[in-house]
Amino acid sequence: MESRDASAGALVGSDGDQKSAKSLPAPKKTDKAAPQSKMEKIFGFKKEDLTSWSSLVALLNRPMDPASLGIFRCLFGLLMAVDITQERGLSRVDYKYLDGAPVCRFPLFNFLKPLPMDWMYLVYLVMFLGALGIMLGCLYRLSCLLFISTYWYIFFLDKMVWNNHSYLYGLIGFQLTLMDGNRYWSLDGMRRPSIRNAHVPLWNYTLLRTQIFIVYFIAGVKKLDADWMGGYSKSYLADHWLFDPFKVILPVDLVSLLVVHGGGLMLDLSAGYLLFFDATRPYAMVFVSYFHCMNSQLFSIGMFPYAMLATSPLFCYADWPRRFFGRFPGFLKGALPLTSEEPQPSSSCVYPDPPSSRRQRSSTTSSSPKFRFKHKLAAVFTLVYILEQFFLPYSHFITQGYNNWTNGLYGYSWDMMVNSRRHQHVKITYKDGKTGEVGYLNPGAFTQSRRWKDHGDMLKQYATCLSGLLPRYNISEPQIYFDIWVSINERFQQRTFDPRVDIVKADWSPFRPNMWLMPLLVDLSPWRNKFQEIESTLDNQTKIVFIADFPGLHLDNFVSEDLGNTSIHLLQGRLNVEVVEEKKNYSLEAGEKIQVPAGAYHRVYTVSEGPSCYMYVYVNTTESALQQSFSKLLDLQESIRNGTAKEPLPPELQPLMSNDDNTEIDSDPDDNITDPVLRLFLKRQRHIKEVKKRREAGVLERLERFTVKKYHAIRRGFLMTAIAMRNLVVGLPPIEQLTQEVAFADMKEPKGESNQYNPSKDEVGHGEL
């Protein structure tokens, strides 16, 4: 009977030696299996397996059941096929790579350029076919190569979309390319009986298990940060409905501190270990499944929660699919993975000799198994890869040019959700190098994303790109200056980069520190506790912004006419406030304040030796008046519904009578409404009804809405791909036909459910100067 005492979830596993013996000549009945040591029962290997190189090679090439790896291969390929149409962006390739569009791009290597748009669709098609081949186990090696080559090309092509899970997908795809993932439940196995249901070496599981362990554990280590431990990184998550059950027994601030931050830290630190051992694995599976299901609702992170769910069974015994599918009715077994056949031997594995053979050889020869070159190479690769994965998250002392307030390019450090940012003010100033003319650019001009605001390397690429585009607008030898204000983890709003440096001419190297990066004012972090005290004293209509600035710098600011009651309160340091139109200067000491006029510019100079800290306190008088009008209209509408209205409505307010609970949410406001306040009120009421309807929707309705949304995105992606392939094969059709084809591909879901990608939201101000 097969022993299940050892931990199947160990990084090197323990179930291979018992199972592989069944495919070898059966030992004599007088040969008794050696009793397992305590270490072998817990970790799945013996101390002797680590005492020499040959024993380690034998361990990593130990034969294992291919079932678990085959199921994971199928799930990963399926998820990647879906991901390509979603997060990889197949449905919006034409927006992103439109030929001739004046767009600044941010590749990892500046020599990388996107292909023409129709060829980019071909790249995505090849990537999709590769993912499909991985799922089906069809032409497995070729499919893996097609997938990872196109995936990494698109990944390196745009740093704007980098994140940890996209990096993880590429790593897993690379690992699967080297593994025997097509030995179980694959089309290749049906075509080639020699590999069908064949053993796979243990290092296949070791790599995947270790990779997932690193994702969890390093993410937990990165959360051992003062901001995360203090509950400042993701405090807003506590307001989400998913945490409502915890709010029954805890106040919101404790839900944020203990559940969101404390729970996230403990799960990341412990998940890898809990999945490791038999005794704790069932509990770990429950917790990580709940965790990833919550993440799928909290964040827009595509297939990542489902991909992590698919990795959890890798820590179970490798034969779990046989036992799982073996419980299904017999008439279904023809369509299910194999459940009864034992794995056949594979040349990729190293098999131990039967005990009787070992006794016969021990007197004359060494009992060490014979290794092929690929066995030794696999062991070397496994060790090097694992060490490299542990090293990379802490390799930022090498790539210092990518370090900002957080180290490295966001992606390969597993610092997931550790930092949150709020951008208060972004100003791009250009100066004509010949005439000295100064002007301003719309933030995000010529880009499809604004992630460049937080990364010095992208800022340099953006400035270089702008210097090449602005001469088209008669701006010669442009100089580009950025003034970017950011609050990270609820600190003061402060400058990220030196606004006095022309970034076009600024020096940047991936291996040297960025000299025009402003330091994060961590010494002012304790002020965050005072922020909460100050905000608690304000009413609902009063807003506040906390600012910190460096000595010798000043802030140019314009107060909108809507902000009729704006004042500056100095918390620390010394300020000079210049009101431009009045041509007056006012000095402020700590604890003093000054009223600044609305509809006018002013400048705030920091004149103290250290950083200054101050806050803007303001009331949006326009918004306040609008809310008062909304309250009156709502009261009037309620009186009409209740029949308590004392006077007939004037003609201009008649639309209030038709906007009741029976009005279709999808109906548009009356085009004849001339009062802008009433029009806005009715639009707001319709939006509130729509949100309420969506929140109160049942499971089936939510599933239908989700399915329809995904269907239209996938539909558009494949229709546009078909159009592009036709263009490559037979050439472009007449423009009228092409317009009709694109319009057909753009057919959206029913009104009110639309959430289609709108390029105008991201590609703001391509021509605005």
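The text that follows walks through the structure, step by step, so that each part is easy to find. (Residues numbered from 1 in each chain as written. Predicted model: local features only at pLDDT ≥ 70, side-chain atom pairs only at ≥ 80, totals over all residues. Heavy atoms only, no water.)

Some points on the overall build of the protein
Then, number 1: The number of helices and strands found in the protein is 26 helices and 14 strands.
Then, number 2: Contacts in the protein between residues at least 24 apart in sequence constitute 74% of all its contacts with a sequence separation of at least 6.
Then, number 3: Summed over its atoms, the accessible surface of the protein is roughly 38100 Å², and 60% of this surface lies on carbon and sulfur atoms. (Helix = DSSP H or I, 4+ residues; strand = E, 2+ residues; numbered from the N terminus. Contact = heavy atoms within 4.5 Å. Areas by Shrake-Rupley, 256 points an atom, 1.4 Å probe, with all protein chains shown as cover.)

Let's talk about the state of the cysteines
Then, number 1: Scanning all chains against the criterion turns up 1 disulfide.
Then, number 2: The disulfide partner of Cys104 is Cys465, and the S-S distance across this bridge is 2.1 Å. Here the S-S torsion is close to -85°, and the disulfide linking Cys104 with Cys465 is therefore left-handed. On the criterion of sequence distance, the pair formed by Cys104 in the loop between helix H5 (93-96) and helix H6 (117-136) and Cys465 in helix H19 (residues 456-469) is long-range, its members being 361 residues apart. (Disulfide = S-S within 2.5 Å.)

A look at the sheet that holds strand S3 (residues 421-431)
Then, number 1: Strand order in the open sheet formed by 4 strands is S4-S3-S5-S6, with antiparallel pairing between adjacent strands. Strands at the two margins of the open sheet, each flanked by one partner only, are strand S4 (438-441) and strand S6 (494-495).
Then, number 2: One ladder, built from 10 bridges, connects S3 with strand S5 (residues 479-488); its direction is antiparallel. If you follow Thr429 over to S5, its bridge partner there is Tyr481.
Then, number 3: Contacts between H19 and the sheet are confined to S3, S4 and S5, with S5 contributing the most and set at about 150° to the helix. (Pairing = 2+ DSSP bridges. Axes fitted to C-alpha atoms, helices over the stretch in contact; angles between N-to-C directions.)

Quick look at helix H21 (residues 621-642)
Then, number 1: Look at H21: 32 Å from first C-alpha to last across 22 residues, which is about the 32 Å you get at 1.5 Å a residue.
Then, number 2: For H21, the complete set of buried residues consists of Ser624, Phe630, Leu633, Gln637 and Ser639.
Then, number 3: The backbone nitrogen of Thr622 has a side-chain oxygen 3.3 Å away, supplied by the residue at the start of H21, namely Asn620.
Then, number 4: Just beyond H21, the residue with positive phi is Gly643, at close to 75°. (Expected span 1.5 Å × (residues − 1). Buried < 20%, exposed > 50% of the residue type's maximum accessible area, 1.4 Å probe, protein only. Polar contact = N/O pair within 3.5 Å; in protein donor to acceptor, adjacent residues only side chain to side chain.)

Quick look at the sheet that holds strand S8 (residues 554-559)
Then, number 1: Pairing in this open sheet of 4 strands is antiparallel, and the strands run S8-S13-S10-S11 from one edge to the other. Both edges of this open sheet fall to S8 and strand S11 (584-588), since each of them pairs with a single strand only. The mean inter-strand angle of the sheet, taken between neighbouring strand axes irrespective of direction, is 20°.
Then, number 2: With 5 bridges connecting them, strand S10 (residues 575-579) and strand S13 (residues 600-606) associate as antiparallel partners. Bridging across to S13, Val577 finds its partner in Val604.

Side note on the nonpolar core
Then, number 1: With 125 residues, the main nonpolar core has Tyr124, Phe147, Leu176, Phe243, Trp452, Tyr462 and Phe482 as its most contacted residues.
Then, number 2: Among the elements that make up this core, the one with the highest residue count is helix H10 (residues 202-222) (11 residues).
Then, number 3: Setting aside residues up to four positions removed in sequence, Tyr124 forms contacts with Ile84, Arg88, Gly89, Leu90, Val93, Tyr97 and Ile154.
Then, number 4: Val545, Leu570, Leu588 and Tyr616 belong to the second largest nonpolar core, which has 17 residues in total. (Core = buried A, V, L, I, M, F, W, Y, C linked by side-chain atoms within 4.5 Å.)

Structural notes on the packing of aromatic side chains
Then, number 1: The full count for this structure, using the stated rule, is 42 aromatic pairs.
Then, number 2: Ring centres of Phe217 and Tyr273 lie 5.8 Å apart, and the angle between their planes is 85°; on these two criteria the pair is classed as edge-to-face. On the criterion of sequence distance, the pair formed by Phe217 in helix H10 and Tyr273 in helix H13 (residues 252-276) is long-range, its members being 56 residues apart.
Then, number 3: The exposure class assigned to Tyr273 is partly exposed, which follows from its relative accessible area of 42%. (Phe/Tyr/Trp six-rings, centres within 6.5 Å; stacked < 30°, edge-to-face > 60°.)

A look at unusual backbone geometry
For residues besides glycine, phi is generally negative; the peptide bonds are generally trans as well.
Then, number 1: For Trp185, which is not glycine, the phi torsion reads 50° and is therefore positive.
Then, number 2: Take Trp185: its relative accessible area is 39%, and that puts it in the partly exposed class.
Then, number 3: In this structure, Glu490 takes a positive phi of about 70° despite not being glycine.
Then, number 4: For Glu490, a relative accessible area of 29% puts it in the partly exposed group.

Observations concerning the pairing of S8
Then, number 1: Only one face of S8 is covered, namely the one carrying Leu555, Asn557 and Val559; the face carrying His554, Asp556 and Phe558 has none of its residues buried.
Then, number 2: Across 6 bridges, S8 lies against S13 in antiparallel orientation. Along S13, the bridge assignment pairs His554 with Tyr605.

Notes on the pattern of salt bridges
Then, number 1: Applying the stated criterion to the full structure yields 26 salt bridges.
Then, number 2: The shortest N-O distance in the salt bridge between Asp180 and Arg183 comes to 3.5 Å. In this pair, the class of Asp180 matches that of Arg183, namely buried.
Then, number 3: The residue Asp319 makes a salt bridge to Arg323 at a minimum N-O spacing of 2.9 Å.
Then, number 4: A residue is classified by how much of its surface remains accessible, and Asp319, at 7% relative accessible area, is buried.
Then, number 5: Here the salt bridges do not stand alone but share partners, grouping Lys427, Asp556, Glu578 and Arg603 into one network. (Salt bridge = Lys/Arg side-chain N within 4 Å of Asp/Glu carboxyl O.)

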